[in-house]
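Each chain, letter by letter, is given below.
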Amino acid sequence: MTLLKNLTLQLVRIWHAVKDENLHWQTQTHPQQTQLRQAQLLAEHDLQATLSKKTVQLEHDIALLKTRHDTELGIYKTRCQQDIKDYQHYLAALDQLKTSIQNSYPQLPEAVAFGIHHHAKQLLNRMWECSEFEQKMRHEMQLLTFMSTLHEEARLHLEGKSEGILPERTLDLLQQQ
């Protein structure tokens, strides 16, 4: 029994020694642990502050981009609406020109009047669909030349200053293009 008692006492002493050593280690490292906890809290606080600042900055940047995007979209929509109006005005002018041809040249076959009108619409469409500026300008000049020639010929014919029974210069332009 004494052997068991000695063994138990030995175990209790070892256990107390381990606990004392742990307590001694805790006492010695307590300032470091406290300092590490404070550093960790400060680092977490700094990280949170940095994240908050970046979040605010990103929200601001997103708001600016959204405003810029909305503005550009509004401008683009306005341009598109104006382009549609311009195109409609061009078509209306072409229809007036066709009517003017038919009134100026009553003997002109209707198919020829429609052919002239169709050619003018094709020039308009080429001009409208072209993406390169220089090419677009060439098509526009062709359309303007064609329309002004046709208009001038119709005016001269109505005033009796033209002897031809057909719009000859307009038909020549048709053949050239």
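Right above here is the structure, for reference.
Throughout, residues of each chain are indexed from 1 in the direction in which the sequence is written. Owing to the predicted nature of the model, reporting of local features is limited to residues with pLDDT of at least 70; listing and counting of side-chain atom pairs is limited to 80 or more, with chain, interface and lining totals taken over all residues. Values shown for side chains rest on all heavy atoms present in the structure; no hydrogens or waters enter the calculation.

So, the pattern of salt bridges
Criterion for a salt bridge: a side-chain nitrogen of Lys or Arg within 4 Å of a carboxyl oxygen of Asp or Glu. On inspection of all chains with the given rule, the structure shows one salt bridge. For Asp70, the salt bridge goes to Lys66, with nearest N and O atoms at 3.9 Å. Separated by four residues within a single helix, Asp70 and Lys66 lie in helix α1 (residues 2-104), roughly one turn from each other. Segments assigned H or I by DSSP are reported as helices when at least four residues long, segments assigned E as strands when at least two residues long, and all are numbered from the N terminus.

Section: the nonpolar core
Each nonpolar core is a collection of buried residues, namely Ala, Val, Leu, Ile, Met, Phe, Trp, Tyr and Cys, held together in the definition by side-chain atoms within 4.5 Å. For every residue, the accessible area obtained with a 1.4 Å probe (protein chains only) is divided by the maximum for its type, and the residue is called buried under 20%, exposed over 50%, and partly exposed between those limits. Formed by 17 residues in total, the largest nonpolar core has its most connected members in Leu94, Ile101, Leu124, Leu143 and Phe146. In terms of residues, this core owes the most to one element, helix α2 (residues 110-129), which gives six residues. Dropping the residues within four chain positions of it, Leu124 is found in contact with Tyr87, Tyr90, Leu91, Leu94 and Leu143. Note on contacts: a residue pair is in contact if any heavy atoms of the two residues lie within 4.5 Å.

A word on the environment of Tyr87
Inspection of the secondary structure assignment puts Tyr87 in helix α1. Relative accessible area serves as the criterion here: at 22%, Tyr87 is assigned to the partly exposed category. Separated by 60 residues in the primary sequence, Tyr87 and Thr27 have C-alpha atoms spaced 88 Å apart. Aside from chain neighbours lying at most four places away, what touches Tyr87 is Leu124, Asn125 and Trp128. Under the rule applied, a polar contact is a pair of N or O atoms within 3.5 Å (in protein, one hydrogen donor and one hydrogen acceptor; residues adjacent in sequence only if both atoms are side-chain atoms). A polar contact is formed between the side chain of Tyr87 and the side chain of Asn125, at a distance of 2.3 Å.

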